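# Survey of secondary and tertiary structure
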Amino acid sequence: MLTNNKNVLNWVDEMVKLCQPDQVVWIDGSEEQLEALRKEAMSTGEMEELNQEKLPGCLLHRTAVNDVARVEARTFICSKTKEEAGPTNNWCDPAEMHATLNKLYEGVMKGRTMYVIPYSMGPIGSPMAKVGVEVTDSIYVVLNMDIMTRMGKRAFENLGDTSNDFVRGLHSKAQVDPENRYIVQFPEENTICSVNSAYGGNVLLGKKCFALRIASYQGRNEGWMAEHMLILGVETPEGETKYITAAFPSACGKTNLAMLIPPKVYADQGYKVWTVGDDIAWMRIGKDGRLWAINPENGFFGVAPGTNEKSNFNALQSTRKGTIFTNVAHNLDDNTVWWEGLDKNPPENAIDWTGKPWNGKTSTEKGAHPNSRFTAPAVNCPCISPKFNDPQGVPVSAIVFGGRRAKTAPLVYQSFDWNHGVFVGTIMASETTAAATGAVGVVRRDPMAMLPFCGYNMGDYWQHWLDMGEKLGDKAPKIFNVNWFRTDDEGHFIWPGFGDNMRVLMWILARCEGKAEAVETAIGYEPKPEDINIEGLNGITVDTVKGLLNVDKGLWMEETKGIEEFYGKFGDRLPEEMKKQLAALKDRLSK
Ligand code: OXD
Ligand code: MN
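So, here is what we can say about the structure in this document.

Procedures and definitions
Residues numbered from 1 in each chain as written. Chains lettered and ligands numbered in written order. Predicted model: local features only at pLDDT ≥ 70, side-chain atom pairs only at ≥ 80, totals over all residues. Heavy atoms only, no water. Helix = DSSP H or I, 4+ residues; strand = E, 2+ residues; numbered from the N terminus. Rg over C-alpha atoms; globule rule 2.2 N^0.38 Å. Buried < 20%, exposed > 50% of the residue type's maximum accessible area, 1.4 Å probe, protein only. Expected span 1.5 Å × (residues − 1). Arc of directions from axis to C-beta. Contact = heavy atoms within 4.5 Å. Polar contact = N/O pair within 3.5 Å; in protein donor to acceptor, adjacent residues only side chain to side chain. Donors = N, O, S within 2.8 Å, 3.2 Å for Na, K, Ca; no water. Pairing = 2+ DSSP bridges. Core = buried A, V, L, I, M, F, W, Y, C linked by side-chain atoms within 4.5 Å.

The helix and strand inventory of the protein stands at 16 helices and 30 strands. Taking 591 residues into account, the globule formula puts the C-alpha radius of gyration at 25 Å, and the protein, at 24 Å, falls close to it. Overall size of the protein, expressed as C-alpha extent along the three principal axes, is 70 × 55 × 45 Å. Per-residue burial over the protein gives 60% buried out of 591 residues.

So, about helix α15 (residues 553–568). Counted at 1.5 Å a residue, the expected span for α15 with its 16 residues is 22 Å, and the 22 Å between its end C-alpha atoms agrees. Taken together, the buried positions of α15 are occupied by Trp-556, Glu-559, Thr-560, Ile-563, Phe-566 and Tyr-567. Across the axial projection of α15, the buried residues extend over an arc of 125 degrees, all falling on one side. Seen from the open side of α15, the exposed residues pointing more than 90 degrees away from its buried face are Lys-561, Glu-565 and Gly-568. On the buried face of α15, the contacting elements are β25 (412–414), α11 (418–426), β27 (443–445), α12 (458–472) and α16 (576–589). Near the N-terminus of α15, the side chain that reaches the backbone nitrogen of Gly-554, with its oxygen 3.0 Å away, is that of Asp-552.

Looking now at the environment of Ala-198. For Ala-198, the position within the fold is in the loop between β10 (191–195) and α6 (200–203). Of the residues examined, Ala-198 reaches a relative accessible area of 13% and is grouped as buried. Those residues in contact with Ala-198, other than ones at most four positions away along the chain, are Thr-63, Asp-67, Tyr-140, Lys-173 and Val-203.

This part covers the coordination of the manganese ion (ligand 2). Binding of the manganese ion (ligand 2) to the protein goes through Lys-208 (NZ), His-228 (NE2) and Asp-279 (OD), at separations of 2.2 Å. Each donor residue of the manganese ion (ligand 2) belongs to the same chain, with the gaps between them written as K-x19-H-x50-D. Note that Lys-208 is positioned in helix α7 (residues 206–222) and Asp-279 in the loop between β14 (272–277) and β15 (281–285), a separation of 71 residues in sequence. In terms of burial, Lys-208 and Asp-279 fall into one category: buried.

Take the side chain of Gln-33 next. As for its placement among the helices and strands, Gln-33 is situated in helix α2 (residues 31–44). Classification of Gln-33 by relative accessible area gives buried; the value is 17%. Those residues in contact with Gln-33 that sit more than four places away from it in its chain are Val-25, Trp-26, Ile-27 and Asp-28.

What follows concerns the side chain of Glu-431. Along the polypeptide, Glu-431 turns up in strand β26 (residues 429–431). According to the relative accessible area criterion, Glu-431 is buried, its value standing at 17%. Only 3.0 Å separates the side chain of Glu-431 from the side chain of Arg-405, close enough to count as a polar contact. Within the structure, Glu-431 has its side chain in polar contact with the backbone nitrogen of Ala-406 (distance 2.9 Å).

Attention shifts here to the sheet that holds strand β22 (residues 357–358). Pairing is antiparallel in the open sheet, where 4 strands are placed in the order β20-β19-β21-β22. Only two strands of the sheet have a single neighbouring strand rather than two, namely β20 (336–338) and β22. Bridging between strand β19 (residues 329–331) and β20 involves 3 bridges; their strand directions are antiparallel. Along β20, the bridge assignment pairs His-330 with Val-337.

Below, the discussion takes up the pairing of strand β8 (residues 166–172). With 7 of 7 residues buried, β8 lies mostly within the body of the structure. A two-sided burial pattern is seen for β8, the buried positions comprising Phe-166, Arg-168, Leu-170 and Ser-172 on one face and Val-167, Gly-169 and His-171 on the other. Summarising the sheet, strand β6 (residues 130–136) and β8 pair through 5 bridges and their orientation is parallel. Residue pairing for β8: Glu-134 is matched across the bridge by Gly-169. By the bridge criterion, 5 bridges tie β8 to β10 in an arrangement that is parallel. The residue bridging His-171 from the neighbouring strand is Ser-194, located in β10.

Further remarks concern the nonpolar core. Formed by 91 residues in total, the largest nonpolar core has its most connected members in Trp-282, Ile-399, Phe-401, Tyr-461, Trp-462, Trp-465 and Tyr-567. Top contributing element to this core by residue count: helix α5 (residues 139–148), with 8 residues.

Okay, structure coming up:
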């Protein structure tokens with residue numbers, strides 16, 4: 001046992017009585033203990049050791065074929081009332097859900113070991129950090145939590161002997177039965193239950209379940225924010241760094257933006273970009289009245305396909321040691337890994353993500369699952385911010401929202417003020433791509449990229465944003481919206497994206513410092529086309545930028561119908577202010 005905290009000890013006792021494991025192992029975080037677990041996982045085939053010269057410390061894991069992604073349909077927010085969970089979450093009465101789950105958990109760990117994992121979300125000792133304890137019957141979970149969080153005895157340093165402020169997480173892979181798979185948050189009980197899955201997003205309970213769903217609820221009650229946002233810093237040649245947080249729905253390049261490499265025009269001048277986080281930001285008002293952000297995570301759980309030297313050199317570098325690969329192709333020639341989009345040289349002698357022999361040169365099937373992942377330590381990242389472990393976090397200058405829109409949203413615009421910025425966040429939407437199943441080009445509304453991650457009524461969440469703005473006053477970060485995905489008439493992307501997105505970030509930062517002008521449009525402030533630096537860009541002229549900034553009022557009027565319909569779901573939980581903002585937008589569009 002690693003703690004004297006009675007609340008932790010009592011809860012673990014209860015979990016032991018329920019799950020009835022053969023033995024209980026407390027994870028202290030020592031290298032010795034981890035090494036023994038790696039060996040055990042390799043001996044059972046749960047993990048495979050990769051080429052230790054090319055990929056030192058790296059392991060491969062394959063999940064069941066029915067267990068490859070987060071399962072939103074089986075994810076629940078079990079607050080006391082349905083109203084509190086709101087119209088965008090699945091809800092069930094907490095007592096009823098506990099009864100269902102307890103049947104699944106009863107005796108589920110017979111013949112297995114229960115691992116008790118203490119972990120900290122946020123740097124140990126940070127006033128913004130929070131403690132979690134996850135019990136699990138999966139070594140894969142222990143080894144991933146070691147990368148993704150600050151795990152082990154040190155996590156209890158923040159808790160003390162009497163505090164009850166820790167998030168309880170119970171996970172059992174059980175029989176990995178998709179029919180009985182549940183990912184359940186009980187916000188009022190500080191508790192998460194996950195069963196019948198062994199896939200990262202469903203079982204690494206510190207990530208989406210705690211750091212977003214539970215934490216968003218805690219943040220509302222305690223006056224801070226848990227957001228689905230990357231955090232990056234832009235350092236000027238003079239050595240001053242400004243920080244931006246940004247929220248995008250999945251498949252919009254969040255990890256790529258977080259780790260971008262400045263284009264030559266900026267690199268030559270001495271600009272640098274630093275990654276603080278690629279997925280989650282916890283933000284509080286600091287003593288100076290500004291908004292400060294930490295990344296509660298300690299690693300990256302990134303999508304492998306499409307990651308390559310060009311698209312994201314820094315992410316690829318991050319995966320070269322101490323990384324766990326899940327559901328990628330296994331190259332048997334040199335015992336390394338491969339995925340679609342890594343390079344143009346797929347292995348001929350390989351095992352695909354389902355565990356079958358696979359020839360990348362001749363097969364029509366994919367070698368890696370489209371949602372295959374790497375779990376990589378943040379310290380590996382060549383551009384990891386020197387502030388990554390800073391207990392105070394970093395001050396936020398700008399908040400950026402974005403999505404994938406072929407025609408409506410312009411390359412960039414700034415909100416008129418904080419409340420309008422909140423509105424811009426609530427109307428976020430993204431068009432589905434061919435990469436996912438279902439129709440292509442369908443608009444999915446995803447406010448603040450939090451649709452699957454908000455742990456309470458989203459109407460109240462928007463009100464919380466408004467309240468935070470009121471507290472921040474004139475110290476509030478400026479709010480922007482970007483869209484890298486406008487297409488021409490043939491459907492080709494117009495903007496080059498990737499590192500060149502920095503050109504847009506530079507206008508954003510200049511606006512925050514009052515150093516750039518703007519043009520007022522019906523939807524917000526836009527740059528003058530000539531104020532986006534296009535030096536060194538092939539085929540992009542000031543006219544192209546002008547086109548990218550064009551606001552089609554007809555399309556936007558159409559858009560307001562979708563917003564209105566979506567808002568309708570929230571009834572009287574929709575803040576009045578949002579109704580006013582929508583009316584004001586319509587008014588400006590009709591002029
Ligand atoms: C993720 C997600 O895995 O947003 O980060 O789905
Ligand atoms: Mn995410």
